[in-house]
Amino acid sequence: MGENNFNLPPGFRFYPTDEELVVHFLQRKAALLPCHPDVIPDLDLYPYDPWDLHGKAMGEGNKWYFYSRRTKIRVSESGYWQSIGVEEPIYSSTNSHKVIGMKKYSAFYIGEPSGSQPVKTNWIMQEYRLSSDSSSSTSSRRSRNSKKQLFDNDDDDDGAELSCLDEVFLSLDDLDEISLPN
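Just so we're clear, the structure is a prediction, and the values are computed from it rather than from any experiment.

### Focus: the overall build of the protein
Within the protein one finds 2 helices and 7 strands. In the protein, the order of α-helices and β-strands from amino to carboxyl end is α-β-β-β-β-β-α-β-β. Looking at the 182 residues of the protein, the share that counts as buried comes to 42%. Within the structure as shown, the protein displays about 9900 Å² of accessible surface, and the carbon and sulfur contribution to it stands at 45%.

Here's what the structure looks like:
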């Protein structure tokens with residue numbers, strides 16, 4: 001897994017489905033419950049360009065995963081993230097009518113948002129959030145956390161994604177260092 005300092009068993013691979021990311025990581029994070037294995041770090045994404053995430057987020061192949069606070073400011077040193085398309089619902093596999101979360105795609109553009117000719121890159125981010133149907137006791141906490149997956153959508157790789165998760169997963173070991181919402 002690159003330069004990450006996670007204590008993982010030999011042969012560990014991290015290839016979660018959308019449902020697993022929402023149920024086993026994001027919901028537990030929002031409810032302040034432990035995640036096992038606790039491998040997704042908390043990261044303030046926006047000071048970084050996507051190519052600078054190696055070693056800062058949990059990486060597996062061409063994808064990076066992290067928890068991040070939701071914010072409207074999505075600008076980095078070299079460019080900005082812009083939403084593409086609409087949010088997609090993520091359904092429970094046990095109840096196909098139950099929406100458990102939402103997924104949104106964003107693309108990274110080099111340049112300024114108000115610039116005349118921004119350049120779209122191959123970097124794509126998938127941002128996951130809990131659905132608004134979540135329990136009210138944790139909904140205020142959940143709305144401020146999201147899990148993100150970032151990838152480089154290079155056409156030479158036959159559709160393989162280099163992902164950076166726009167939502168950062170917070171390690172419970174780091175709780176002393178961060179301020180949680182009231």
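Having seen the model, we can carry on.
### A few points about the nonpolar core
In terms of nonpolar packing, the biggest core is built from 17 residues, with F14, F25 and I40 touching the most fellow members. Elements with a contribution of two residues or more to this core: α1 (18–30), β2 (63–69) and β5 (119–130). For this core, the element with the highest residue contribution is α1, accounting for 5 residues. Among all residues touching F14, those that are not within four sequence positions of it are L21, F25, V39, I40, M58, E60 and Y65. Counting residues in each nonpolar core, the second largest holds 11 residues, with L43, Y46, F66 and M125 among its members.

### Brief notes about the packing of aromatic side chains
One pass over the structure, following the stated rule, counts 6 aromatic pairs. Between F14 and Y65 the ring centres are 4.9 Å apart and the planes differ by 85°, which places this aromatic pair in the edge-to-face class. Of this pair, F14 sits in the segment before α1 while Y65 is found in strand β2, placing the two residues 51 residues apart along the sequence. Both residues of the pair, F14 and Y65, belong to the buried class. Relative to F108, the ring of W51 lies with its centre 5.6 Å away and its plane at 85°, an arrangement referred to as edge-to-face. With a gap of 57 residues between them, W51 in the loop between α1 and β1 (58–60) and F108 in strand β4 (residues 99–110) connect regions that are remote in the sequence. Clustering of aromatic rings is evident, with ring pairs tying together F14, F25 and Y65.

### Observations concerning the pairing of β4
Taken across its 12 residues, β4 has 10 buried, putting it largely inside the fold. Relative to β4, strand β3 (residues 79–91) runs antiparallel, the two being bridged by 10 bridges. Note on β4: the bridge partner recorded for Y80 is Y109. By the bridge criterion, 9 bridges tie β4 to β5 in an arrangement that is antiparallel. Considered in β5, the bridge of Y109 is made with K120.

### A few points about the side chain of S131
Note on placement: S131 falls in the loop between β5 and α2 (136–142). A distance of 3.2 Å separates the side chain of S131 from the backbone oxygen of V99, its partner in a polar contact.

### Some remarks on the pattern of salt bridges
All told, the structure shown has 4 salt bridges when counted by the stated rule. For D18, the salt bridge identified is with K103, shortest N-O distance 2.8 Å. Remark: K103 occurs in strand β4 and D18 occurs in helix α1; sequence separation between them is 85 residues. Relative accessible area serves as the criterion here: at 7%, K103 is assigned to the buried category. Between E87 and R129 there is a salt bridge, with the nearest N and O atoms lying 2.9 Å from each other. Of this pair, E87 sits in strand β3 while R129 sits in strand β5, and the two are 42 residues apart along the sequence. We classify E87 as partly exposed; its relative accessible area is 31%. Through salt bridges with shared partners, a single ionic network connects R74, K104 and E127.

The rules behind the values
Per chain, residues are indexed from 1 in the order of the written sequence. Totals for whole chains, interfaces and linings use all residues, but because this is a predicted model, local features are given only for residues with pLDDT of at least 70 and pairs of side-chain atoms are given and counted only at 80 or more. Excluded from the side-chain calculations are hydrogens and water; all other atoms, namely the structure's heavy atoms, are used. Counting from the N terminus, the helices are DSSP H or I runs at least four residues long and the strands are E runs at least two residues long. Summary of the burial criterion: residues with accessible area below 20% of their type's maximum are buried, those above 50% are exposed, and those between are partly exposed, where the area comes from a 1.4 Å probe applied to protein chains only. To measure how exposed things are, a 1.4 Å probe is used in the Shrake-Rupley method; for residues, cover is taken only from the protein chains shown. For this analysis, a nonpolar core means a set of buried residues of the types Ala, Val, Leu, Ile, Met, Phe, Trp, Tyr and Cys, connected via side-chain atoms within 4.5 Å. For this analysis, residues touch if any pair of their heavy atoms sits within 4.5 Å. Note on ring pairs: Phe, Tyr and Trp rings are taken, using the six-membered ring of Trp, and paired if centres are within 6.5 Å. Classes follow the plane angle, with under 30 degrees stacked, over 60 edge-to-face and the rest tilted. For two strands to be treated as a pair, DSSP must find at least two bridges joining them. Two N or O atoms count as a polar contact when they lie within 3.5 Å, although within protein this holds only if one can serve as hydrogen donor and the other as acceptor, and sequence-adjacent residues are included solely when both atoms are side-chain atoms. Only one rule defines a salt bridge in this text: a Lys or Arg side-chain nitrogen within 4 Å of an Asp or Glu carboxyl oxygen.

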